[in-house]
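In case you want the letters, here they are:
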Amino acid sequence: MAQFFIDRPIFAWVIALFILVIGAVSITQLPVAQYPPVAPPSIVVNVAYPGASAKTLEDSVVSVIEREMNGSPGLAYFESVSQADGTGSITLSFEPGTNADLAQVDVQNRLSRATPRLPQAVTQQGVRVDKANPNFLLFIILSSEKGTLDPVALGDYAARNVLPEMQRVPGVGQAQLFGTERAMRIWIDPAKLVGYKLSTADVNAAIAAQNVQVSSGTIGDLPNTPDQGIFATVVVKGQRETVEEFGNIVLRANADGSTVRLRDVARVELGGQSYAVQARLNGQPSTGIGIQLSPTANALQTAKAVKQRLAELQPFFPAGVKATIPYDSSTFIDISIRQVVETLVEAVALVFLVMFLFLQNIRYTIIPTLVVPIALLGSFAALLAMGFSINVLTMFGMVLVIGIVVDDAIVVVENVERIMSTEGLPPLQATRKAMGQISGAIIGVTVVLISVFVPLA
């Protein structure tokens, strides 16, 4: 192989330039992270059963879903949590190397088989299936400087106007709202309910019957008579919108003409959809949005895109509302990668100085130095092909391998120089003879040096 390239130097330069181009392109495509993803891929199934105890949720919902998940391809183990507030989660961990997208599809297919056996209240709330990523890239906090908006109003604005925009940013795998949206809350007084001889089932049935979206049809639709000149869509206001309208829902009509309405047995207000999560910034009530990366995203580019999109949205925020990012892990990633890159540059500079010191020839020093960028950029192409990322460990590996690459180049240059000096051969013939003498030795030395890192791998 060595003789082949010695006789074809132009072809060797073409391959070197090809490696440089492929490596440079690979750098732009590689994901950037502080550490490599070593945790097995996980899928989380979230369920909600309002009003149910932890045991009821476990028996009627969680256990039903768990039985269907058994046998999923690549599933290593799963764990479930049932809480007293009626919410639960099942975390399914798969073998390393499992495609998270295919695993999520399989979990959703298996969940569809369990859905008919779940309580109606659970299916109405919805069962969410998400790819779990425990690490948050950054947190966005919305706060009202003068207290003009309460946490519920902030959460509702964030859910409608900020959260969807963050979910559309390239590289964002999931955006979670740490707050609550607005919702119509009905607080029933048990004593009044018993006094009117009603039950919560009666209240639920009345709300479901009198708060519906009605498809009321049309007037004068085809086919019509020749004298029909009017066509109109009938609009019926079936859904309630205000607190007063919900309070007027009739629970029971008595024979004497009197009625029992919802406001007679409950307090109706426009409050929060949930009060389980609260966010504070410097002690002030706020609303948070947690940004998580997709598995192949570039952390630095994603963080930059999120901040840019947030800056574009900020002029349209309500008066007194501002967005801050108190936690941003991309800062630490940037610092870590920058430090390793600086170490890499310093290593190349030290190698150049050491070679110049011992070889005492600038030409012989430049030749081994040219090997370093070619080898490093070729490593980036290999990282992309193997699905690795640019992180502290892969960059540190490049720092270590510089010595191995330069050692081989120095051995070749020194042996060629020795043959030229002692035997008086021209460079081409000296190179051929030198490679015939030391090719096996170079391969042996490289294998021995690399074998030191095999236990670490």
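In the block above lies the structure referred to throughout.
The rules behind these values
- The residue count restarts for each chain, going from 1 along the sequence in the order it is written.
- Only residues with pLDDT of at least 70 are given local features in this predicted model, and only at 80 or more are side-chain atom pairs given and counted; all residues enter the totals for whole chains, interfaces and linings.
- With hydrogens and water set aside, each side-chain value is computed from the structure's full complement of heavy atoms.
- The helix count covers DSSP runs of H or I at least four residues long, the strand count covers runs of E at least two residues long, and both are numbered beginning at the N terminus.
- The reference for a compact globule is 2.2 Å times residues^0.38; the radius of gyration itself is calculated from the C-alpha atoms.
- For every residue, the accessible area (1.4 Å probe, protein chains only) is compared with the maximum for its type, and the residue is labelled buried under 20%, exposed over 50%, or partly exposed between those bounds.
- Only heavy atoms matter for contacts: two residues are in contact if any of them lie within 4.5 Å across the pair.
- In this description, accessible areas are obtained by the Shrake-Rupley approach with a 1.4 Å probe, and a residue is regarded as covered only by the protein chains that are shown.
- The positive count covers Lys and Arg only, the negative count covers Asp and Glu only, and His and the chain ends enter neither.
- Positions of charges follow a simple convention, taking NZ of Lys, CZ of Arg, CG of Asp or CD of Glu.
- Here a helix's expected span is defined as the number of its residues, less one, multiplied by 1.5 Å.
- Directions pointing from the helix axis toward each C-beta atom define the arc.
- For helices, the fitted axis covers only the stretch in contact; all axes are lines through C-alpha atoms, and the angles between them, taken along N-to-C directions, range from 0 to 180 degrees.
- Working rule for angles: under 35 degrees goes down as roughly parallel, over 145 as roughly antiparallel, 65 to 115 as roughly perpendicular, anything else as oblique.
- For any helix crossing, the convention is left-handed if the near helix is rotated counterclockwise from the far helix by under a right angle, and right-handed if that rotation is clockwise.
- Lys, Arg, Asp and Glu make up the charged group, whereas Ala, Val, Leu, Ile, Met, Phe, Trp, Tyr, Cys and Pro make up the nonpolar group; the residues left over, Gly among them, are polar.
- What we call a nonpolar core is a set of buried Ala, Val, Leu, Ile, Met, Phe, Trp, Tyr and Cys residues that are connected through their side-chain atoms within 4.5 Å.
- Within the patch definition used here, like charges are joined within 9 Å and nonpolar side chains (Val, Leu, Ile, Met, Phe, Trp, Tyr) within 5 Å, considering only residues with over 30% relative accessible area and no salt bridge.
- Every case where a carboxyl oxygen of Asp or Glu lies within 4 Å of a side-chain nitrogen of Lys or Arg is listed as a salt bridge.
- A pair of Phe, Tyr and Trp rings is counted when the ring centres sit within 6.5 Å of each other, with Trp represented by its six-membered ring. The angle between the planes then sorts it: under 30 degrees is stacked, over 60 is edge-to-face, the rest tilted.

## Some remarks on the overall build of the chain
Assigned secondary structure in the chain consists of 15 helices and 15 strands. What you see for the chain is a C-alpha radius of gyration of 34 Å, clearly larger than the 23 Å of a compact globule of 457 residues, by over 25%. Seen along its three principal axes, the alpha-carbon backbone of the chain occupies a region of about 125 × 65 × 50 Å. Within the chain, buried positions represent 34% of all 457 residues. Of all intrachain contacts in the chain linking residues separated by at least 6 positions in sequence, the fraction that spans at least 24 positions is 72%. As displayed, the chain has an accessible area near 26,500 Å², and 61% of this comes from carbon and sulfur atoms. Side chains of the chain carry 31 positive and 36 negative charges; the gap between the two charge centres is 3 Å.

## Observations regarding helix 2 (residues 9–29)
Taking 1.5 Å per residue as the helical rise, helix 2 with its 21 residues ought to reach 30 Å, and the 31 Å between its terminal C-alpha atoms agrees with that figure. Buried within helix 2 are the following residues: A16, G23 and S26. Burial along helix 2 is one-sided: seen end-on, the buried residues are contained in an arc of 90 degrees. Facing away from the buried side of helix 2 by more than 90 degrees, the exposed set consists of I10, W13, F18, V21 and Q29. Along its buried surface, helix 2 packs onto helix 13 (362–385).

## Quick notes on the packing of helix 2 against helix 13
Two packed helices can be described by the angle between their axes and the distance between those axes. Two elements in contact, helix 2 and helix 13, have axes whose closest approach is 7 Å; the angle formed by their N-to-C orientations is 50 degrees. The orientation of helix 2 relative to helix 13 falls into the category oblique. Both helix 2 and helix 13 take part in a crossing whose hand is left-handed. On helix 13, the residues that touch W13, A16, I19, L20, I22, G23, A24, S26, I27 and Q29 of helix 2 are L370, P373, I374, L377, G378, F380, A381 and L384. The residue makeup of the contact of helix 2 with helix 13, split by class, is 14 nonpolar, four polar and no charged.

## Re the nonpolar core
Counting residues in hydrophobic clusters, the biggest one holds 45 residues, and the most contacted among them are I140, I291 and F317. Take this core: its biggest share by element is seven residues, from helix 12 (residues 329–359). Contacts of F317, omitting those with residues within four sequence positions, involve L142, Y157, V162, L310, K322 and A323. In terms of nonpolar packing, the next biggest core, distinct from the first, is built from 22 residues, V45, V47, V61 and A103 among them.

## Some points on a nonpolar patch on the surface
Taken together, the side chains of W13, F356, I362, I366 and L370 make up a nonpolar region of the molecular surface, amounting to roughly 490 Å² of accessible area. If you tally residues by element for the nonpolar patch, the top one is helix 13, at three residues. Considering the arrangement of structural elements, one finds W13 in helix 2. Given the relative accessible area of 52%, W13 is considered exposed.

## Comments concerning the packing of aromatic side chains
Considering all chains together, one arrives at five aromatic pairs under this definition. Residues F136 and F139 carry aromatic rings whose centres are separated by 4.8 Å and whose planes lie at 35 degrees to one another, so their mutual orientation is tilted. By relative accessible area, which is 22% here, F139 ends up partly exposed. Between the aromatic rings of F136 and F178, the centroid separation amounts to 5.9 Å while the plane-to-plane angle is 65 degrees, which identifies the pairing as edge-to-face. A residue pair is termed long-range when its members are at least 10 positions apart, and F136 in the loop between strand 4 (128–132) and strand 5 (138–144) and F178 in strand 6 (residues 172–178) qualify at 42 residues. A relative accessible area of 25% places F178 in the partly exposed class. Pairwise contacts between aromatic rings join F136, F139, F178 and Y327 into one cluster.

## Thoughts on unusual backbone geometry
Of note in this structure, K197 is not a glycine but carries a positive phi near 55 degrees. In this structure, K197 sits in the loop between helix 7 (190–195) and helix 8 (200–210). Within the chain, N282 stands out as a residue other than glycine whose phi angle is a positive 55 degrees. Structurally, N282 can be placed in the loop between strand 13 (279–281) and strand 14 (284–293).

## Description of the side chain of S93
Its location among the elements puts S93 in strand 3 (residues 87–94). Discounting residues that sit within four places of it in the chain, S93 has contacts with P41, S42, G74, L75, A76 and Y77.

## Some words on the environment of P190
Structurally, P190 is set in helix 7. Among the residues examined, P190 registers a relative accessible area of 58% and is labelled exposed.

## Some points on the environment of R182
Following the sequence through the fold, R182 ends up in strand 7 (residues 182–188). According to the relative accessible area criterion, R182 is partly exposed, its value standing at 38%. Discounting residues that sit within four places of it in the chain, R182 has contacts with V152, A153, D156, L270, G271 and Q273.

## Digging into the pattern of salt bridges
For side chains of opposite charge, pairing can occur when their charged atoms come near one another. Scanning the model with the defined rule gives 16 salt bridges in all. Residues R309 and E165 are paired through a salt bridge, measuring 2.7 Å at the closest nitrogen-oxygen approach. A residue pair is termed long-range when its members are at least 10 positions apart, and R309 in helix 11 (residues 299–313) and E165 in helix 6 (residues 151–167) qualify at 144 residues. Among the residues examined, R309 registers a relative accessible area of 25% and is labelled partly exposed. Overall, E165 belongs to the buried group, its relative accessible area being 17%. The salt bridge involving K237 is made with E245; its shortest N-O contact spans 2.9 Å. Bridged by salt links that share partners, the residues E165, R168, R309 and E312 form one connected network.

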